[in-house]
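Spelled out from the first residue to the last, the chains are:
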Amino acid sequence: MAHFTNGTIFSKSMSKFTLQDVEEPNLLRDQFPYTRVPKITFDGQSIEINPPRRIWITDTTFRDGQQAREPFTSRQIVDIYKLMHKLNGDSHLVRQCEFFLYSDKDKKAVEKCLELGYRTPEVTGWIRAVKKDFKLVRQMQLKETGILTSCSDYHIFLKLKKNRRTCMEGYLEVVRTAIEAGIRPRCHFEDVTRADIYGFVVPFAIELMKLREDSGIPVKIRLCDTMGYGVPFAEATLPRSVPKLIYAMVNDAGVPSELLEWHGHNDFHRVAINSTTCWLYGCSSVNTALFGLGERTGNCPMEAAVMDYISLVGGNDGIDTKVITELADYFRTQLNHKFPDNMPFVGNSFNMTSAGIHVDGLLKNEEIYNIFDTKSILGRPIGVVITDKSGVAGVAHWINEYLNLETHARIPKSHPAVNMIYQWISEQYKKGRVHSISNSEMLKLARNHLPEYFDTDLNELKQAAISLVGHLIMHLVETPAMMSMDVGAQEALMEKMIGENQYVNLMIVANTEGEKHTRFFGRKGPIKPRDEAKLDKDYTNRRWFRKPLEMGNMFISDLFISKITNLLGIIVSAPIRSEDGRDVGVLRIDTRFDDLIKSAHGAEDDDHEMFNNAKTKARATMKSKAAKKKKRQKS
């Protein structure tokens, strides 16, 4: 088999590759003109598919993924890590997760994940290519860490202001330091799809494999398609041809498939196909991030790689694919993350259809228009987007799926309420409407025409509370001000948060003895003494105080009427922990029904009737419960 360089074919006699230490950077201007879209070139040479014996996934949600959003809290990292473990089932498909090691928050998360004792995903680190950073890896007692080893002339000459030899020698020295410490090094070949493959990348990889052979410690190589330039075509030229790049590493650099990993970015919409291509051509490991999180355009979505893995091996190997939906729900409710409606597998509309003719076929047999059994595989039943083309069948289907009605209890399309709803929809389009009917509109119509199917326990409100207030409180309990239990710092933070979040009504911190630690803070500062007199002084028997300490997590109350404001609200509370993980208090936040709903749903004027009706029913329910309780007490 011939060897491939950047557009050049090497003969077998040129099988030994040494560093080409050039004086000027090779920026490959024939492929990367910069002032034009990069050109995909072809050399007419191809290679055969050669998949490794085993393939798997590694994850970078807690490292690269955090560069695409506000940082996770330590608790959120642990929760997500647990769900990744649950996703694995018996498969160990997601073998590793990489973590930052620099902040106290990240160190705490690593410690908590290690305490769980999971075999997979293994906790690994990420550091810069400097010796002092290995102290962090040793302190956390990790067995493997990633090391930044940029390999394109763009990075070597233009960013680092060095030459190839100086860079390579520096990288090798850091790798030796890792090996001496007994740590598995994972070298991140940054910007590999713009690098001189046979002038730097392969020679560097060969030196790393020598260190591996001499030490007996595995040295991993991660090929980083930093700018998303890689293409899945075997006939394309290096450095952009993913198949040829994998071939060069396995066959010419002698890197075993199990020590080779791909890390792609999505700048040109090729991140998923490039990752799968790596598996097919000899790379065992693909690096992903949940839902494609990552700097700029993001990394390969873990859920996409999971589906491709199952497709390639012909079975799920015990993978619990429904956890993909659980993870998406966690991101929505706990992180307030917004998914595009059309995002595969997790978007609100990913398995929904709107055309009437499609809906009609769907109701006859959903397999006609569904990619697979989304209900059994992802826990997501197929849905419909309502337009004037959906017909009464589409309306009936939307209502039945929203209410999750069993087959024997489903509302038929001949139901008078269904026809009345469809008549209203048809009128909208006769008046010139062109966009679909929103879920909020459909819910309002269904509530109005089918009130008997909608109870008043207001689960929707509780979900809104979890999403909004839950996101806020889990952030607050991990701030230095809260963790310090310094009254002044806590009260200053509470006053600031109440001012910034209109749905927050009251806030207080209690110590672990169930005693008031801070003053009760409301929208106008500390509440008045006459109002405070209405409140409990001992919180030890209150559920909002006990549950967070018992469960170690957030507590959401039922709807209640405030003794101070006489307004409907929900209490959310969470434990406060010190730096060493001890429970030191509980933070309570009281929300206001009206503002919570407006903030959660972005309520428009035409939604007010629905919310007011719900509020009236809820208040009536509260009064009814209070009356029954009073009657029981008298008897």
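What counts, and where the lines are drawn
- Residues numbered from 1 in each chain as written.
- Predicted model: local features only at pLDDT ≥ 70, side-chain atom pairs only at ≥ 80, totals over all residues.
- Heavy atoms only, no water.
- Helix = DSSP H or I, 4+ residues; strand = E, 2+ residues; numbered from the N terminus.
- Buried < 20%, exposed > 50% of the residue type's maximum accessible area, 1.4 Å probe, protein only.
- Areas by Shrake-Rupley, 256 points an atom, 1.4 Å probe, with all protein chains shown as cover.
- Phe/Tyr/Trp six-rings, centres within 6.5 Å; stacked < 30°, edge-to-face > 60°.
- Salt bridge = Lys/Arg side-chain N within 4 Å of Asp/Glu carboxyl O.
- Pairing = 2+ DSSP bridges.
- Right-handed = clockwise from strand over helix to strand, strands pointing away.
- Axes fitted to C-alpha atoms, helices over the stretch in contact; angles between N-to-C directions.
- Contact = heavy atoms within 4.5 Å.
- pLDDT = per-residue confidence, 0-100.
- Parallel < 35°, antiparallel > 145°, perpendicular 65-115°, else oblique.
- Left-handed = near helix turned anticlockwise from the far one by under 90°.
- Nonpolar A, V, L, I, M, F, W, Y, C, P; charged D, E, K, R; others polar.
- Expected span 1.5 Å × (residues − 1).
- Core = buried A, V, L, I, M, F, W, Y, C linked by side-chain atoms within 4.5 Å.

(A) Region of interest: the overall build of the chain. When you go through the chain residue by residue, the secondary structure sums to 22 helices and 19 strands. When burial is assessed residue by residue, the chain has 55% of its 635 residues classed as buried. Total accessible area computed for the chain in this model is approximately 28,900 Å², and 50% of it derives from carbon and sulfur atoms.

(B) Representation of the packing of aromatic side chains. Applying the stated criterion to the full structure yields 20 aromatic pairs. For the ring pair Phe100 and Trp126, a centre distance of 5.7 Å and an interplane angle of 90° mean the geometry is edge-to-face. Of this pair, Phe100 sits in the loop between β4 (94-99) and α2 (104-115) while Trp126 is found in strand β5 (residues 122-127), placing the two residues 26 residues apart along the sequence. A relative accessible area of 17% places Phe100 in the buried class.

(C) Representation of the pattern of salt bridges in the model. Counted according to the given criterion, the structure contains 30 salt bridges. Notably, a salt bridge pairs Lys210 with Glu207, separated by 3.1 Å at the nearest N-O pair. Here Glu207 and Lys210 lie together in helix α6 (residues 197-215), a separation of 3 residues that amounts to about one turn. Judged by its relative accessible area of 39%, Lys210 falls in the partly exposed class.

(D) Quick look at unusual backbone geometry. Looking along the chain, the bond that leaves Thr120 and enters Pro121 is cis, with omega of -5°. A cis amide bond, omega 10°, links Leu238 with the succeeding residue Pro239. With respect to the helices, strands and loops of the structure, Pro239 is situated in the loop between β8 (220-225) and α7 (242-252). Positive phi values are uncommon outside glycine, yet His92 reaches one of about 55°. Mapping His92 onto the fold places it in the loop between α1 (74-88) and β4. In this structure, Lys161 takes a positive phi of about 60° despite not being glycine.

(E) Here's a closer look at the pairing of strand β7 (residues 184-189). Counting buried positions over the 6 residues of β7 gives 5, a clear majority of the element. Bridge count for strand β6 (residues 144-148) against β7 is 5 bridges, and the pairing is parallel. Paired with Ile147 across the bridge in β7 is Cys187. Direction of pairing for β7 relative to β8: parallel, over a ladder of 4 bridges. Within β8, the residue paired with Arg186 across the bridge is Lys220. Once you follow β7 into α6 and on to β8, the crossover reads as right-handed.

(F) Spatial organisation of the sheet that holds β7. Around the barrel, 8 strands lie side by side as β3-β4-β5-β6-β7-β8-β9-β10; this closed barrel has parallel pairing. Between one strand and the next, the sheet's axes are offset by a mean angle of 25°, whatever the strand orientation. Bridging between β5 and β6 involves 3 bridges; their strand directions are parallel. If you follow Ile127 over to β6, its bridge partner there is Ile147. Of the strands in this sheet, β3 (56-59), β4 and β5 are in contact with α1, which crosses β4 at around 165°. Relative to the sheet, helix α9 (residues 302-313) contacts β3, β4 and β10 (285-288), its axis offset from that of β3 by approximately 170°.

(G) Fine view of the confidence of the model for the chain. Per-residue confidence for the chain gives a mean pLDDT of 86; residues scoring 70 or more make up 87%. Segment residues 1-14 is flagged for pLDDT under 50; beyond a separation of four residues in sequence, or across chains, it makes 37 contacts in the model. Scored below 50 in pLDDT, residues 602-619 shows 26 contacts in the model against residues more than four places distant or in partner chains.

(H) A look at the packing of helix α14 (residues 416-430) against helix α15 (residues 439-449). Contact geometry of α14 with α15 gives a least axis separation of 10 Å together with a crossing angle of 140°. Considered as vectors, α14 and α15 are oriented oblique to each other. For the pair α14 and α15, the crossing hand works out as right-handed. Here α14 contributes Ala417, Met420, Ile421, Trp424 and Ile425 to the contact with α15, which in turn contributes Glu441, Met442, Leu445, Ala446 and His449. Residues that form the contact of α14 with α15 fall into these classes: 8 nonpolar, 1 polar and 1 charged.

(I) View of the environment of Leu506. With respect to the helices and strands, Leu506 occurs in strand β13 (residues 504-511). For Leu506, a relative accessible area of 5% gives the class buried.

(J) Quick look at α9. Taking 1.5 Å per residue, 12 residues should reach 16 Å; α9 reaches 16 Å between its end C-alpha atoms and fits that length. Turning to α9, its buried residues number three or more, namely Met302, Glu303, Ala304, Ala305, Val306, Met307, Tyr309 and Ile310. A positive backbone phi angle near 80° is found at Gly314, which sits one or two residues after α9.

(K) Seen up close, the packing of helix α13 (residues 391-403) against α15. Packing of α13 against α15 brings their axes to within 11 Å, and their N-to-C directions diverge by 85°. Relative to α15, α13 is oriented roughly perpendicular. Two secondary-structure elements touch here, α13 through Val395, Trp398 and Tyr402 and α15 through Asn439, Met442 and Leu443. Here the contact of α13 with α15 is built from residues that sort into 5 nonpolar, 1 polar and no charged.

(L) View of the nonpolar core. Membership of the largest hydrophobic core comes to 105 residues, with the highest contact counts inside it found for Ile80, Phe189, Leu208, Ile221, Leu223 and Phe331. Of all the elements, α6 adds the most residues to this core, at 11 residues. Those residues within four positions of Phe331 in sequence are excluded, and the remaining contacts are Phe72, Ile80, Leu290, Phe291, Leu293, Asn336, His337 and Phe339.

(M) Local environment of the environment of Arg542. Relative to the helices and strands, Arg542 resides in the loop between α19 (529-532) and α20 (543-551). Placed 28 residues apart in sequence, Arg542 and Gly514 show a C-alpha to C-alpha distance of 8.9 Å.

(N) Helix α10 (residues 322-335), seen in detail. For α10, spanning 14 residues, the distance from its first C-alpha to its last is 19 Å, which sits close to the expected 20 Å at 1.5 Å a residue. Buried residues dominate α10, accounting for 10 of its 14 residues. Turning to α10, its buried residues number three or more, namely Val323, Ile324, Thr325, Leu327, Ala328, Tyr330, Phe331, Thr333, Gln334 and Leu335. At the exit of α10 stands Asn336, carrying a positive phi of roughly 55°.

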